[in-house]
Structures are given as structure tokens and as C-alpha cells.
Amino acid sequence: MPDTNAPSGLLDRLSAILGPRGLLTEPGDIAPHLSDWRGLYQGAAFAVARPASTEEVAAVVKLCAETGTPITVQGGNTSMVGGAVPDESGRHLVLSLARLNRVRAIDTMDMTMTVEAGLVLKAAQDAAEEAGCLFPLSLGAEGTATIGGVLSTNAGGNTTVRYGNARDLMLGLEAVLPDGSIWNGLRRLRKDNTGYALRHLLVGAEGTLGIVTAAVLRLFPRPRDTALAFIAVADEEAALGLFRRFRDRDESAVRAFEYMSGIGVDLAVKHIEGVTLPLETRADHYVLVDLASSRPDAGLRGLAEDVFGEALEAGEATDGVIAESEAQAKKLWRIREEHPEAQKREGASVKNDVSVPVSKVPEMIRRCSAALVELIPGSRPVPFGHIGDGNIHMNLEQPEGMDPAAFLARSHDIMDCVNAIVRDLDGSFSAEHGIGRLKTDMMEEWRGGAELAAMRAIKAALDPKGLMNPGKVLP
Ligand code: MLT
Ligand code: ZN
């Protein structure tokens, strides 16, 4: 076996633990694990370990601890910030959780589901549905992203406004700690105040404090009444005004509330087959309102019609459509879901996953848009996303005709420009995508002082050799 960048004899010992299916060493087999889908990073690794049980994960981690081998942990490799790819040194072992993908248990009295880290999010949703329940976490990459990944990054997505982030959907965890010990915290308790909440330390740690191998997730009653509206609104304030109207009428019914700019919808219509504008005339601002209730008689369509009517009268809404069928609802959701792909096809774009207090979203969008166009004349701001959480993807599309590489060379200027305004509005430079590799250099400025010092102390205590996902999260 080639043993180039691996400590001497390590590959043979890994092979003994993992067997032939559990260890990839051929360059062609390893290649898909070395780059991110955004194309930001191209790393290197001497092998990819694919353990099939928690015990195998523990044995691999123990061996890496003994030999001082850095580990890059990988789920579905859908990180937006390069969080799951190794650096260029070739010294890393990539540890993929893909084979750890069983549903271990579902309990419809406790309303919990115990699943392994490599289970794809969509498969978790399907398993919940088969049991007559709902696992509500929902995001664009759900067909590829895994439970371990969404927990390790505390992913948000479309339904945070109603169900919270991944953290809020987790009751217990099982993890392998950096010394190779297995921590079984798979408790399905709603109340468990027993010292430091290790589970919450690991959620959002992006694999830098240990490897999540399984989790107890919260289930919810399945929706029995739904309604979906795609509404053109006058401006950003009107989008928030509409959010408030729905929230005031029935907060528990709002499952998602998403904002889209005119240009974002234009790009989706231009580039994505089957995506069409459902209204007669184009607008500069739109929202997608998704209502759901477990009560079959909730009357959500009536609610949507009432609120839409009120908003039209108030001049907040200018046009809109309420889905007549499940198929039409899916079609309307696609306009929003295809935003990232459409932006990719249009050319180079820079993502700014930021959040501000909900009330500040209109100001943030307007100030950032103006500042970005001033920074790069001809560039096209495409703000969209989870306005109900104050989380907007303040993305910037390159000017038409500009060299994509020249535009991307300005990435950090673009992020700095947005971040300065977000900071002024008491926001965050990473709302739901995490820090990964892309944003480590922002940590000092944003989280420096006592906060970063505490994070470093925790890292040093749990991972003194610095072998877990090095180069991620902490600068
Ligand atoms: C989304 O909500 O679609 C993604 O988080 C945003 C993005 O691709 O920038
Ligand atoms: Zn998002």
C-alpha cells in the first residue's frame, strides 16, 4: 500500500480495523472527498476511512490520536464554508460517516427518533413520515446533507422560524471524543439539567471537538392542513409587515417565511427548467409564506386569503397566488430553492450568510446593496432567504461580462463590506452556514477577547493535540 503522507504502518493498521470496504486509498476513490461543491477549496488526504460502526470510529480516532494524525470529518460534504474538506498538506485522514446511516429507533410516544450520523437528512424526514410524524429540519441540500453534518454545523434552513435550528431539534447525542473514547449521551429526555451540556458543545462545533456518531432527534405531529402563498410585496418593509400580519393572526401556523428579490427570481426563471413566474408582472420583491398545522380543520387557506387581502388593501402586497394543489406548492417552493443553483449558473457569486435582528432586515438589505454596487460597479446584489429569522443570504453576483476570477479575487472585500454594515446593526457574520475554513479569519474580530479565549480553552481541553478538523472554526 502507498504510505506516502501517512505515518509509517498506519494504513495497514487502519485496514485491519476497517476492512477493504472501509478504507479508500486510490486517488480516484478519494478525489470526491477532497473538494467542496462550491469549488472554493481543493485539499489532499492520504486516505478516506469509512467506518461502519461507532466502535470502528472510536478505534480509528484512537489510532490517529496515538500517531498524531489529523482527521477531517465528513458527512454529505455540502458545507457552504469549506468545513468538510482537508487542507492541502496531504497529512489528513478524511473520516466519512457515510456508512453509519441506520435509523436505530423511533418512538411515537416520546416523539423521538434515534439515528446515526451518516443518515441523509431527507432519509430522516422520510423515516419520520413513515412513522406518521414530522422531522421538520428542511434545507436545500437535504438530499445529500447528513444528520451528523447538520448537527455539527447547527444548520438552520427554511423552518427555523417555527421549529428552531438543528440544535433545538436534538435531545441527545452519541459521539467519539478526540482521545477515542465513546460518549453515549443518547438520552431522550425533555429535561436533563446535569452539569455542562456536552451535547450542545458538540452541536455547532463543526467536528473540532469530537465526532457525532448518532443523535436523538425530536419529532412533531405531521401537518394535516397546509397553505402556501407566493406574494409580490412593495418593498422590504412590506415583506416584514406581511410577516407580522401572519404572525399576529396565528404564529404557530407559520412554517416558513422566505424573502426573494426580483433579480433572484429572474435568475431562477432564466436558468432553471420548469421554474416560471406565477404572476403576470414582475416585481422587485417577493415572499413565500408556508403555513402548516397539525389540525385538519385549521382553515389555513382561508387565513392566507384573509391576510393577503388585508395586505393588498394596505398596499403592502401588490399581487400574489395561493397554491391550489400540492404540486403547485412544490413548484412555488422551487422558485426559492433554486436560487443558489441559478446564481451559480449566472456566473461567479459571493455568499454572505448574515443575520440581523428581524426588525433591521430592510435597512440591512438596502445599505448592503448600495455599498456593494459602489464597491464593484455593475455587480448585482441578490438578497434572499429566511427573513422571518432575520437571516438573509446577502449574495453578490458578478457584473455581466466580468472575468469570474477577477470578481472572486474581491471576495474578502465583498464580505468585509457586508460585515461592516451587519456589525453596525448588531448582527452576525455567519447565521447558519458556520465558520468552516472560509470565515476563520473573521473570528478574532467578531468573537475575540473572552469569547474566543473560552473557545480556545475548551478546544485545548478536549483536543489537546489539535487533531480534530484542524484549520476549521478557530483561527
Ligand atoms: C439557502 O438558504 O438556499 C442557502 O443557505 C443559501 C445560499 O446558497 O447562499
Ligand atoms: Zn439558507
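Everything quoted here is computed from the prediction, not taken from an experiment.

Draft legend 1. Region of the structure containing the overall build of the chain. Across its full length, the chain holds 17 helices and 19 strands. Radius of gyration (C-alpha) of the chain: 23 Å, near the 23 Å computed for a compact globule of 475 residues. Taking the principal axes of the C-alpha coordinates as reference, the chain spans close to 75 × 55 × 45 Å. Of all 475 residues assigned to the chain, the portion counted as buried reaches 56%. Looking at the chain alone, contacts between residues at least 24 apart form 72% of all its contacts between residues at least 6 apart. A total accessible area of about 19300 Å² is found for the chain, and carbon and sulfur atoms account for 50% of it. Positive and negative side-chain charges of the chain, numbering 49 and 65 respectively, have mean locations separated by a distance of 4 Å.

Draft legend 2. Main features of the packing of aromatic side chains. Enumeration according to the criterion identifies 5 aromatic pairs in this entry. Ring-pair connections join several aromatic residues into one group, and the members of that group are Phe243, Phe246 and Phe257. Across from the ring centre of tryptophan 446, 4.9 Å away, lies the NZ or CZ of arginine 423, which sits over that ring.

Draft legend 3. Inspection of the sheet that holds strand β2 (residues 47-49) at higher detail. Spatial strand order, β1-β2-β4-β3: 4 strands in an open sheet with mixed pairing. What marks the edges here is a single partner per strand, and that holds for β1 (23-24) and β3 (71-74). Across 3 bridges, the pairing between β2 and strand β4 (residues 93-96) is parallel. Each bridged residue has a counterpart across the sheet, and for alanine 49 the counterpart in β4 is leucine 95. Helix-sheet contacts for helix α3 (residues 54-67) involve β2, β3 and β4, and the interaxial angle to β4 is about 165°.

Draft legend 4. Structural context of the pattern of salt bridges. For the structure shown, the criterion picks out 34 salt bridges. Taking the shortest distance from any N to any O, the salt bridge between arginine 249 and glutamate 310 comes out at 3.2 Å. Taken together, the residues span a long stretch of sequence, with arginine 249 in helix α8 (residues 236-250) and glutamate 310 in helix α10 (residues 300-313) at a distance of 61 residues. On the accessibility criterion, glutamate 310 (34% relative accessible area) is partly exposed. Among the charged side chains, a network of salt bridges with common partners joins Arg245, Arg249, Asp306, Glu310 and Glu316.

Draft legend 5. Up close: the coordination of the zinc ion (ligand 2). Protein coordination of the zinc ion (ligand 2) is provided by His386 (NE2), His393 (NE2) and Glu432 (OE), with donor distances spanning 1.9 to 2.2 Å. Mapping the donors of the zinc ion (ligand 2) onto the primary sequence yields the spacing H-x6-H-x38-E. You can see histidine 393 sitting in strand β19 (residues 391-397) and its partner glutamate 432 sitting in the loop between α15 (411-424) and α16 (440-447), a full 39 residues away along the chain. The same class applies to histidine 393 and to glutamate 432, which are both buried.

Draft legend 6. The arrangement of the nonpolar core in detail. Counting residues in hydrophobic clusters, the biggest one holds 61 residues, and the most contacted among them are Ile231, Leu242, Phe257, Leu291 and Met364. One finds Leu137, Leu173, Trp183 and Leu202 within the second-largest nonpolar core, a separate group that totals 35 residues.

Conventions we followed
- Residues numbered from 1 in each chain as written.
- Chains lettered and ligands numbered in written order.
- Predicted model: local features only at pLDDT ≥ 70, side-chain atom pairs only at ≥ 80, totals over all residues.
- Heavy atoms only, no water.
- Helix = DSSP H or I, 4+ residues; strand = E, 2+ residues; numbered from the N terminus.
- Rg over C-alpha atoms; globule rule 2.2 N^0.38 Å.
- Buried < 20%, exposed > 50% of the residue type's maximum accessible area, 1.4 Å probe, protein only.
- Contact = heavy atoms within 4.5 Å.
- Areas by Shrake-Rupley, 256 points an atom, 1.4 Å probe, with all protein chains shown as cover.
- Lys, Arg positive; Asp, Glu negative; His and termini not counted.
- Charge placed at Lys NZ, Arg CZ, Asp CG, Glu CD.
- Phe/Tyr/Trp six-rings, centres within 6.5 Å; stacked < 30°, edge-to-face > 60°.
- Lys NZ or Arg CZ within 6 Å of the ring centre and 35° of its normal.
- Pairing = 2+ DSSP bridges.
- Axes fitted to C-alpha atoms, helices over the stretch in contact; angles between N-to-C directions.
- Salt bridge = Lys/Arg side-chain N within 4 Å of Asp/Glu carboxyl O.
- Donors = N, O, S within 2.8 Å, 3.2 Å for Na, K, Ca; no water.
- Core = buried A, V, L, I, M, F, W, Y, C linked by side-chain atoms within 4.5 Å.

Everything listed here is a matter of coordinates, which is why it stays silent on function.
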